[in-house]
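# Report on the structure
Residues per chain, in single letters:
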Amino acid sequence: MEVVRRGLVLRLLFLFAVLGVRAQGDAAENTRSTIRLVSSMEFYQQKMTKEFLMVAYGMNVSENREQMTGTIGAFDIALDSLETGDVANSIIAPPDEGVRQELGSIK
């Protein structure tokens, strides 16, 4: 159930980003970058799940555990960018504290 909730939070942020697509100039680029980052979060979720299951079933345990650790790190970096915004990478910050708290609940 927690994974489903996390997915919903990411989709809500995605929706927030889509609503800003009509922006122009730098704002539009920031919105596009945020949408791309949110999309990558879903990819990371799927990849972590696959790697976890491979470890759980005893398939190439050390290799899959190492890959899973790297994927978790990439997910955490992306999540931190979404929580606070990232000017250097054109990632917009959440519009309000409620969204920020929901993103924080994923960790």
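Residues numbered from 1 in each chain as written. Predicted model: local features only at pLDDT ≥ 70, side-chain atom pairs only at ≥ 80, totals over all residues. Heavy atoms only, no water.

On to the environment of Thr34, then. Looking at the element boundaries, Thr34 is found in helix 2 (residues 26–56). In this structure, the C-alpha to C-alpha distance between Thr34 and Leu82, residues 48 residues apart in sequence, is 7.7 Å. (Helix = DSSP H or I, 4+ residues; strand = E, 2+ residues; numbered from the N terminus.)

For soluble globular proteins, the rule of thumb is that nonpolar side chains tend to be buried together. In terms of nonpolar packing, the biggest core is built from 11 residues, these being Leu37, Val38, Met41, Met48, Phe75, Ala78, Leu79, Leu82, Ile91, Leu103 and Ile106. Elements supplying a minimum of two residues to this core: helix 2 and helix 3 (61–84). Leaving out residues up to four positions away in the same chain, Ala78 has contacts with Leu37, Met41 and Tyr44. (Core = buried A, V, L, I, M, F, W, Y, C linked by side-chain atoms within 4.5 Å. Buried < 20%, exposed > 50% of the residue type's maximum accessible area, 1.4 Å probe, protein only. Contact = heavy atoms within 4.5 Å.)

A separate point is the confidence of the model for the protein. Summarising the model, the protein shows a mean pLDDT of 80, and 77% of its residues fall at 70 or more. Looking across the protein, the model is least confident in helix 1 (residues 2–19), with a mean pLDDT of 60, and most confident in helix 3, with 93. (pLDDT = per-residue confidence, 0-100.)

The next point concerns the packing of aromatic side chains. All told, the structure shown has one aromatic pair when counted by the stated rule. Relative to Tyr44, the ring of Phe43 lies with its centre 5.9 Å away and its plane at 50°, an arrangement referred to as tilted. (Phe/Tyr/Trp six-rings, centres within 6.5 Å; stacked < 30°, edge-to-face > 60°.)

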